[in-house]
Amino acid sequence: MNALTLPDIAAQASRQALPLEWVGMCGIALPVFFDGQRLNAKADAGVSLDDGNARGIHMSRLYLALELLEQENLSPVLLRRVLQRFLDSHEGLSSSAHLSIHADLLLKRPALISPLAGWKSYPVTIEARLKNAMFHVELKIDVPYSSTCPCSAALSRQLIQQQFIDDFANKPPQHADVLAWLGSPNGIIATPHSQRSSAKLRVRLADFLDELPLIAIINDAEAALGTAVQTAVKRADEQAFALANGQNLMFCEDAARRLNLALKRSTGINAFHIRVTHAESLHAHDAVAESRFSWELA
Ligand SMILES: Nc1nc2c(ncn2[C@@H]2O[C@H](COP(=O)(O)OP(=O)(O)OP(=O)(O)O)[C@@H](O)[C@H]2O)c(=O)[nH]1
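Residues numbered from 1 in each chain as written. Predicted model: local features only at pLDDT ≥ 70, side-chain atom pairs only at ≥ 80, totals over all residues. Heavy atoms only, no water.

Novice: Quick rundown of the environment of Ser197? Include the residues and the values.
Specialist: Within the secondary structure, Ser197 sits in strand β6 (residues 194-205). Note: C-alpha distance between Ser197 and Tyr145 (52 residues apart in sequence) is 5.1 Å. Here Ser197 is in contact with Val143, Pro144, Tyr145, Ser147, Thr277 and His278, once residues within four sequence places are set aside. (Helix = DSSP H or I, 4+ residues; strand = E, 2+ residues; numbered from the N terminus. Contact = heavy atoms within 4.5 Å.)

So, in structure tokens, the structure goes:
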């Protein structure tokens, strides 16, 4: 039997000469390593197709370059090496390379009071680009938190005051009576609404960073927001959480401003874009605020 040469369509001339900005593969399953964890990731890998006459890029060369990610902890230098390999394997065809890695980062979080702890999952995307020796890394991180509406709290307080006036209209308040009243349903006749909320952070990193500051950014964001979503919870933890929410009333605007300050204080961040969403229980729609810093210029 004669050995047949395999047809190579990608090497053919394109019928329509036109360069393309991005060509590659999306959703490639891949294990990556970060902070001692093996993450189940999905990668999008692509290059520009500058030669408008070339029919296609060489997908397999991008795919094989991703093997580098199986061996080392994710870092800016490793991402750059992968992108350089994308370009080296497409010499004459491509001048820019792009890689996105989507994964869920698991962090163990202690309870507020009890000695318990549990895992929290943070969706993250790490995006790296290389063009004309210019290398950029952008992080996208979702941080869930709890927010309690300050307006609803004030309105609830007013109703509680009204109830107090009604219940103690004809008697001078005695300490024991007031204490008992505070512990009764009438003492909390109205409650403010709280909602599970989410902050989507997009951050462009400075060139000098050796590591990806994913965990530092998550920790800074949660500290700024004040009422992170909890994991393992006993009653003592739930009570501490209720107190924390009561002391931490916020509109979505408040949350966006706090995150803006926190990210400006962080080192190694050149630009950022924040979008917070409060999934209101008052409405069937969300309250949303955005804030950005140097985002258009970056
Ligand atoms: N460029 C391109 N390739 C595709 C597409 N869909 C599937 N492929 C296949 O991806 C496979 C890998 O392509 P290449 O990397 O060029 O494979 P190859 O020619 O064996 O490898 P090299 O010798 O390194 O060029 C081929 O079998 C293509 O047909 C597509 O939309 N575009």
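Right, picking up where we left off after that structure.
Novice: Report on the pattern of salt bridges, specifying residues and quantitative values.
Specialist: Proximity of charged atoms lets side chains of opposite charge pair with each other. The final tally for this structure, using the stated rule, is 10 salt bridges. Among the salt bridges present, the one from Glu138 reaches Arg204, with a minimum N-O distance of 3.2 Å. In this pair, Glu138 sits in strand β5 (residues 134-148) while Arg204 sits in strand β6, placing the two residues 66 residues apart along the sequence. Neither Glu138 nor Arg204 differs from the other in exposure class; each is buried. A salt bridge links Glu296 to Arg292, with the shortest nitrogen-to-oxygen separation between them at 3.5 Å. According to the relative accessible area criterion, Arg292 is partly exposed, its value standing at 40%. Via salt bridges that share partners, Arg275, Glu290, Arg292 and Glu296 belong to a single interconnected network. (Salt bridge = Lys/Arg side-chain N within 4 Å of Asp/Glu carboxyl O. Buried < 20%, exposed > 50% of the residue type's maximum accessible area, 1.4 Å probe, protein only.)

Novice: Tell me about the UniProt feature "site: May be catalytically important" (unreviewed entry) in the protein chain, residues and numbers included.
Specialist: This chain's UniProt record puts "site: May be catalytically important" (unreviewed entry) on Cys149. Following the sequence through the fold, Cys149 ends up in the loop between β5 and α3 (150-167). Taking the relative accessible area as the measure of exposure, Cys149 reaches 9% and is therefore buried. (UniProt positions renumbered as here; feature names shortened; annotations may be inferred.)

Novice: An account of helix α7 (residues 252-265) is needed here, citing residue identities and associated values.
Specialist: An α-helix turns once per 3.6 residues; consequently, residues spaced three or four apart project the same way. With 14 residues, α7 ought to run about 20 Å at 1.5 Å a step, and its terminal C-alpha atoms sit 20 Å apart, in line with that. Listed in full, the buried residues belonging to α7 are Cys252, Ala255, Ala256, Leu259, Asn260, Ala262 and Leu263. Residues of α7 that are buried make contact with β5, β6, α5 (214-225), β7 (269-278) and β8 (287-293). (Expected span 1.5 Å × (residues − 1).)

Novice: With reference to specific residues and values, describe the domain arrangement of the protein chain.
Specialist: The domain architecture assigned to the protein chain consists of domain 1 (18-149 + 193-293) and domain 2 (150-188). Inter-centroid distance (C-alpha atoms) of domain 1 to domain 2 is 46 Å. Counting residues at the interface gives 6 residues for domain 1 and 5 residues for domain 2. Buried area between domain 1 and domain 2, summed over both chains or domains, comes out near 410 Å², and the portion from carbon and sulfur atoms is 71%. Our count for the domain 1 to domain 2 interface comes out at 0 salt bridges. At the surface where domain 1 touches domain 2, the tally comes to 4 residue pairs in polar contact (both at pLDDT 80 or more). Here the residues of the side of domain 1 that touches domain 2 are counted per class, giving 4 nonpolar, 2 polar and no charged. (Domains from an automatic or database assignment. Buried area = accessible area lost by both parts, 1.4 Å probe. Polar contact = N/O pair within 3.5 Å; in protein donor to acceptor, adjacent residues only side chain to side chain. Nonpolar A, V, L, I, M, F, W, Y, C, P; charged D, E, K, R; others polar.)

Novice: Tell me what's going on with the sheet that holds strand β3 (residues 96-110), and back it up with residues and numbers.
Specialist: Within the open sheet, the 8 strands sit side by side as β1-β2-β3-β4-β5-β6-β7-β8. Their pairing is antiparallel. Strands with a single pairing partner mark the edges of an open sheet, and in this sheet they are β1 (20-34) and β8. Across the sheet, the mean angle separating the axes of adjacent strands is 15° when strand polarity is ignored. On top of the sheet, α5 reaches β1, β3, β4 (117-131), β5, β6 and β7; it is set at about 30° to β5, its chief contact. (Pairing = 2+ DSSP bridges. Axes fitted to C-alpha atoms, helices over the stretch in contact; angles between N-to-C directions.)

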